[in-house]
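Results of the structural survey
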Amino acid sequence: MTASYNSKVFIDNKTFLFKIQKMKRLAIDMDNVIADITEAFLNSHERETGVRLTPNDINGKMEREAFPTVLDWVNTEGYFRHLAVMPDSQRVVKQLIEHYDVFIVSAATQFPTCLNDKMFWLQDHFPFIGWQNICLCGSKTIIKADILIDDHFKNLDYFEGETLLYTTFHNVFANEGRHKRVNNWLEIEQILLP
Ligand SMILES: [Mg+2]
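Structural notes, computed from the coordinates. All residue numbers refer to position in the chain's written sequence, counted from 1. Per-residue local features of the predicted model are confined to residues with pLDDT of at least 70, and side-chain atom pairs are confined, for both listing and counting, to 80 or more; whole-chain, interface and lining totals are unaffected and use all residues.

Details of the overall build of the chain
Each helix and strand counted, the chain has nine helices and eight strands in total. Think of it as a crowd count around each C-beta: if 20 or more other C-beta atoms lie within 10 Å the residue is buried, if 12 or fewer it is exposed, and in between it is partly exposed, with C-beta placed from the backbone throughout. A burial count over the chain gives 34% of its 194 residues as buried. Only DSSP runs of H or I covering at least 4 residues are called helices, and only runs of E covering at least 2 are called strands; the numbering of each starts at the N terminus.

Structural data, given as C-alpha cells:
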C-alpha cells in the first residue's frame, strides 16, 4: 500500500478554485450512504452470537440499541476497510462530479483507527474523488455546503443548506421533517442530476 493518496487524480489549485467558485457544493456522507456499514454490523453480530438479525429486529433502533457491541467493532482497525459499496453510488457520484463540487464528508475522528481505512476504501471504490474533496472530520456542524446527503438527523438538522435523508434502519420510521427522504441512489440521481 502506498503512503500517498490518489496522486493520479491530483487537481491543480487553479482548477480546484475554479470548481468551488462555479458549482454548487454537495457533501456526501460515507456510512449508510456510500458504504454499507449495516451489512457489516449484521455480519459481526451473527459472528458473535450466531443469530442473523432481520430488518424487523433492527428497524427504528439506534446503532447501539440494535447492536450492543458496536463500539468494539468500530474501534477495531480495519473494520471500515472492506465495507460493501452501496448499489449505484459509484456510477451516480461519478456523474454528480460533472455538475457539483462533490465532497465526501465523514465524522470519522471519533474512531481514529478508521481514518486510514476510510481513505484507502475511497481510493479503491471512488478513485475519481481527489484528496482535496475528502473531509474526515469530527462534528459536521463545521461543514458549509449547498446540499448534504446523510442518514443522521444529528448532521442534517444543523446543516443550513438542502438536506437529503438517506433511509437506513435507524431512521426508517422517523418523520423526515424538513429533510427530503431518499431510499437509494437511483432516487438521488433523479433529484440531483439534470
Ligand atoms: Mg452515515
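And the narrative resumes.
Digging into the nonpolar core
The nonpolar core is taken to be a set of buried Ala, Val, Leu, Ile, Met, Phe, Trp, Tyr and Cys residues joined by way of C-beta atoms within 7 Å. With 42 residues, the main nonpolar core has L26, A27 and I28 as its most contacted residues. We call two residues in contact when the distance between their C-beta atoms, placed using the backbone, is within 7 Å. Contact partners of A27, with chain neighbours within four places excluded, come to F103, V105, I143, A145, I147 and L148.

Digging into the environment of N56
Within the secondary structure, N56 sits in helix α3 (residues 55-58). Taking the C-beta count within 10 Å as the criterion, N56 has 7 such neighbours and is therefore assigned exposed. Taking the C-alpha atoms as reference, N56 lies 9.2 Å from F169; in sequence the two are 113 residues apart.

Overview of unusual backbone geometry
Phi angles above zero are rare outside glycine, and N32 is one such case at about 70 degrees. Within the secondary structure layout, N32 lies in the loop between β1 (24-28) and β2 (35-36). The phi torsion at D88 lies on the positive side, around 70 degrees, for a residue other than glycine. Among the secondary structure elements, D88 is positioned in the loop between β3 (84-85) and α6 (89-96). Among the residues examined, D88 registers 14 C-beta atoms within 10 Å and is labelled partly exposed.

Considerations on the sheet that holds strand β6 (residues 147-150)
Strands pair, by our definition, only if DSSP identifies at least two bridges between them. With parallel pairing, the six strands of this open sheet are ordered in space as β5-β4-β1-β6-β7-β8. The outermost strands of the open sheet, each flanked by one partner alone, are β5 (134-137) and β8 (180-182). On average, each strand axis in the sheet is tilted by 25 degrees relative to the strand beside it, whichever way the strands run. Two strands pair when backbone bridges link them, and β1 and β6 are joined in this way by three bridges, in the parallel orientation. Bridge assignment links A27 to a residue of β6, and that residue is L148. Comment: axis = line fitted to C-alpha atoms, over the contacting stretch for helices; angle = value between 0 and 180 degrees taken between N-to-C directions.

Some thoughts on α6
All buried positions along α6 are accounted for by S89, V92, V93 and L96. On an axial view of α6, the arc spanned by its buried residues comes to 100 degrees, and they lie on one face. Of the surrounding secondary structure, the elements contacted by the buried residues of α6 are β1, β3, β4 (100-107) and α9 (185-192). As used here, the arc belongs to the directions running from the helix axis to the C-beta atoms.

Quick word on the pairing of β5
Pairing geometry for β4 and β5, over four bridges, is parallel. Counted as the bridge partner of A107 is C137 from β5. One crossover worth recording links β4 to the parallel β5 by way of helix α7 (residues 114-125), and it is right-handed. Throughout, right-handed denotes a crossover for which the path from the first strand over the helix to the second runs clockwise when the strands point away from the viewer.

Remarks on the pairing of β1
With five bridges connecting them, β1 and β4 associate as parallel partners. Bridged to L26 within β4 is V102.

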